[in-house]
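One letter stands for each residue in the lines below.
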Amino acid sequence: MPVKVAINGYGTIGKRVADAVLKQKDMELVGVTKTKPNFEGRIAVNKGIKLFATSQDRLKAFEDAGLKVQGTLEDLLKEVDLVVDCTPGKVGASYKPLYEKYKVKAIFQGGEKHDVAGFSFNAVCNYKGAVGRDFVRVVSCNTTGLCRSLYAIDKAFGIKKARVVLVRRGADPAEDSKGPINSIVPDPVTIPSHHGPDVQKVLPHIDITTMAFAVPETLMHVHVLNLELNNSATESDVLNALSQYPRIRIVSAQEGVDSTSTIIEYARDLGRARYDLPELVVWKESVKSFGKEVYLTQAVHQEAIVVPENIDAIRAMTKLTESPEESMRLTNESLGIGR
Ligand code: NAD
């Protein structure tokens, strides 16, 4: 029997996770919720996805807009095994009592605190720890990107110390009201930023300090990593280690993939829907080794990178498979990751 899944919050992450669930043979998307009628809800209905209002008092707005809904979130929760909470940051926690009331497993996103679930997830790092759990938090886009590369390099050479500068996109492409629009903002101005401690929720043994800046750009985040290793590695050793993982894609600036906008163009040319690139992108030429000291630069497509992690979290929590390799293989194949 496929696992029955609901999505609460059909926005940037929710609609992508919904599309990914639709591609899994072992999962069924029962429905998605919206707070108010808009084009995303209408497209969902036209695609055959069942739409639910988040609460009773919102039903009339959908009726007035002529957008068919099947009931409320509470009606939806009665029909599912698991809900993927994709509501805005810090809103998800307020829904936990409702998920508990309907005895539905729940995945929260990186905008929530670790404590909301008590377990922060990244498929390659700690899949087995999520097996059978009722609540899991898939870490944020930046943390997911860092976990992937740090895990690969730590496995191969051991990481003694990681120091990372994050250049964060100011907003997602459709977020007209957010910024900055003419500034580089230390975000936060204090060190460390929250990303390092968040990585440690998944990889507790990594000594990591992060600092972050927000910039007027919407396409991707960029991270500059300075790593002190336990064992020496050449540039090709590092690239070989990263290449073992389908969710890490090495690109070449010499071939013209030399900026976040050309990475997006590359994703378009790959034929990716919404130009989504769930893979972490590492620039080949950025890898520089001084024996045990290594530098590299990586880019994160913030809207897409957490999508496969949510799919794997569903498999782990519902015990569809207890094997991380099997789950990641199924997810990667269905989403075209690594191709
Ligand atoms: P979003 O604003 O694009 O989408 C949130 C959706 O939830 C919208 O459809 C909104 O209408 C709906 N919503 C608002 N209030 C609600 C409520 N009370 N109940 C139910 N639904 C409600 O947000 P997003 O960018 O998709 O972020 C969702 C989560 O994913 C956050 O925790 C965020 O931190 C995390 N995340 C976002 C990104 C990103 O780059 N956008 C990347 C990784 C993780």
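Position numbers for residues count from 1 along each chain, tracking the sequence in the order it is written. The model is predicted, so local features are restricted to residues of pLDDT at least 70 and side-chain atom pairs to those at 80 or more, both for listing and for counting; the totals for chains, interfaces and linings are taken over all residues. For side-chain calculations, the full set of non-hydrogen atoms in the structure is used, while hydrogens and water are omitted.

## Here's the deal with unusual backbone geometry
Right, on to step 1. Along the chain, Gly179 connects to Pro180 via a cis peptide bond; the corresponding omega equals 5 degrees.
Right, on to step 2. By secondary structure assignment, the location of Pro180 is in the loop between strand S8 (159-169) and strand S9 (185-186).
Right, on to step 3. Cis peptide bonds are those with omega within 30 degrees of zero, and the linkage from Asp187 to Pro188 qualifies with 5 degrees.
Right, on to step 4. A run of H or I in DSSP becomes a helix once it reaches four residues, and a run of E becomes a strand once it reaches two; helices and strands are each numbered from the N terminus. Relative to the helices and strands, Pro188 is located in the loop between S9 and helix H8 (195-202).

## Let's talk about the site of the ligand
Right, on to step 1. Whether a residue is near a molecule or strand depends on its heavy atoms: if one lies within 4 Å, it is near. If you check the shell around the ligand, you find 21 residues, and the closest are Thr12, Ile13, Tyr95, Arg169 and Asp172.
Right, on to step 2. Any pair of N or O atoms that falls within 3.5 Å is considered a polar contact. Within protein, one atom must be able to donate a hydrogen and the other to accept it, and sequence-neighbouring residues count only if both atoms are side-chain atoms. A distance of 2.9 Å separates an oxygen atom of the ligand from a polar atom in the backbone of Ile13.
Right, on to step 3. The contact in question runs from an oxygen atom of the ligand to an N or O atom on the side chain of Thr35, over 3.3 Å.
Right, on to step 4. For the accessible areas, the method is Shrake-Rupley and the probe is 1.4 Å, while residue cover comes only from the protein chains on display. If the ligand stood free it would expose 830 Å²; the protein chains cover 79% of that surface.
Right, on to step 5. Asp, Glu, Lys and Arg are counted as charged, while Ala, Val, Leu, Ile, Met, Phe, Trp, Tyr, Cys and Pro are counted as nonpolar; the rest, among them Gly, fall into the polar class. Per-class residue counts for the shell around the ligand are seven nonpolar, 11 polar and three charged.

## Quick notes on the pairing of strand S13 (residues 280-283)
Right, on to step 1. When accessible area is computed with a 1.4 Å probe and restricted to protein chains, residues below 20% of their type maximum are described as buried, those above 50% as exposed, and intermediate ones as partly exposed. Neither face of S13 is left uncovered, since the one carrying Leu280 and Val282 and the one carrying Val281 and Trp283 both have all their residues buried.
Right, on to step 2. Two elements, strand S12 (residues 248-251) and S13, share four bridges in a ladder whose sense is parallel. By the bridge assignment for S13, Val251 is matched with Trp283.
Right, on to step 3. With helix H10 (residues 260-269) bridging S12 and the parallel S13, this β-α-β connection has right-handed handedness. Strand pairing is assigned whenever DSSP detects at least two bridges linking the two strands. With its strands directed away from the observer, a crossover is right-handed exactly when the path from the first strand over the helix to the second travels clockwise.

## Describing the pattern of salt bridges
Right, on to step 1. When a carboxyl oxygen of Asp or Glu is within 4 Å of a side-chain nitrogen of Lys or Arg, the pair counts as a salt bridge. Taken as a whole and assessed by the stated rule, the structure comprises 28 salt bridges.
Right, on to step 2. Its salt-bridge partner being Glu175, residue Lys178 comes within 3.2 Å of it at the nearest N-O pair.
Right, on to step 3. In this structure Glu175 comes out as partly exposed when scored by relative accessible area, which is 26%.
Right, on to step 4. Among the salt bridges present, the one from Glu279 reaches Arg249, with a minimum N-O distance of 3.2 Å. Taken together, the positions of Glu279 in the loop between H10 and S13 and Arg249 in strand S12 put the pair 30 residues apart, joining distant regions of the chain.

## Describing the packing of aromatic side chains
Right, on to step 1. Side-chain rings of Phe, Tyr and Trp (the six-membered ring for Trp) are treated as a pair once their centres are within 6.5 Å; stacked means planes under 30 degrees apart, edge-to-face means over 60, and tilted covers the remaining angles. Counting across every chain of the model gives six aromatic pairs.
Right, on to step 2. Ring centres 6.0 Å apart and planes at 15 degrees place the aromatic pair Tyr95 and Tyr99 in the stacked group. Residue Tyr95 and its partner Tyr99 are located together in helix H5 (residues 92-101), separated by four residues, close to a single helical turn.
Right, on to step 3. Ring geometry for Phe290 and Tyr295: centres 6.2 Å apart, planes at 85 degrees, overall edge-to-face.
Right, on to step 4. Given a relative accessible area of 32%, Tyr295 falls into the partly exposed group.
Right, on to step 5. Criterion for a charge above a ring: Lys NZ or Arg CZ within 6 Å of the ring centre, and within 35 degrees of the ring normal. Sitting above the plane of the Phe135 ring, Lys96 keeps its charged end 4.6 Å from the centroid.

## Quick look at the packing of helix H7 (residues 141-157) against H8
Right, on to step 1. Where H7 meets H8, the closest approach of the two axes is 9 Å, and the angle between their N-to-C directions is 60 degrees. Classed by the angle they form, the pair H7 and H8 counts as oblique. When the axes of H7 and H8 are compared, the crossing they make is right-handed. The residues of H8 that touch H7, namely those facing Asn142, Thr143, Leu146, Cys147 and Leu150, are His195, Asp198, Val199 and Val202.
Right, on to step 2. For the contact of H7 with H8, the class distribution of residues is five nonpolar, three polar and one charged. In this description, a line fitted to the C-alpha atoms serves as the axis of each element, helices being fitted only across the stretch in contact, and the angle between N-to-C directions of two axes falls anywhere from 0 to 180 degrees. Angle categories are assigned with fixed cut-offs, so that under 35 degrees is roughly parallel, over 145 is roughly antiparallel, 65 to 115 is roughly perpendicular, and the rest are oblique. For a crossing to be left-handed, the near helix must be turned anticlockwise from the far one by less than a right angle; the clockwise case is right-handed. Here a residue-residue contact requires only that any non-hydrogen atoms of the pair lie within 4.5 Å.

## Considering the nonpolar core
Right, on to step 1. Within this scheme, the nonpolar core is defined by two criteria: the residues are buried Ala, Val, Leu, Ile, Met, Phe, Trp, Tyr or Cys, and they are joined through side-chain atoms within 4.5 Å. The biggest cluster of nonpolar side chains holds 77 residues, and the ones touching the most others in it are Leu150 and Ile314.
Right, on to step 2. When residues in this core are grouped by element, the largest group, eight residues, is from H7.
Right, on to step 3. Leu150 has contacts with Ile159, Ala162, Val199, Leu203, Ile206, Ile208, Leu225 and Leu227, leaving out every residue within four places of it along the chain.
Right, on to step 4. In this structure, Phe52, Leu76, Val83 and Leu98 belong to the second largest nonpolar core, which totals 18 residues.

## Focus on the side chain of Ser149
Right, on to step 1. With respect to the helices and strands, the residue Ser149 is situated in helix H7.
Right, on to step 2. Separated by 2.8 Å, the side chains of Ser149 and Gln298 make a polar contact.
Right, on to step 3. Each residue touching Ser149, except ones within four places of it in the same chain, is listed here: Leu225, Leu242, Ile248, Leu280 and Gln298.

## Description of the packing of H7 against helix H9 (residues 235-243)
Right, on to step 1. In the contact formed by H7 and H9, the axes pass within 9 Å of each other and the chain directions differ by 120 degrees. Here H7 lies oblique to H9, going by the angle between them. Seen from above, H7 lies across H9 with right-handed handedness. Listed contacts from H9 to Ser149, Ala152, Ile153, Ala156 and Phe157 of H7 are Asp237, Val238, Ala241 and Leu242.
Right, on to step 2. Looking at the contact of H7 with H9 residue by residue, the class counts come to seven nonpolar, one polar and one charged.

Function cannot be read off these values alone, since they describe shape.
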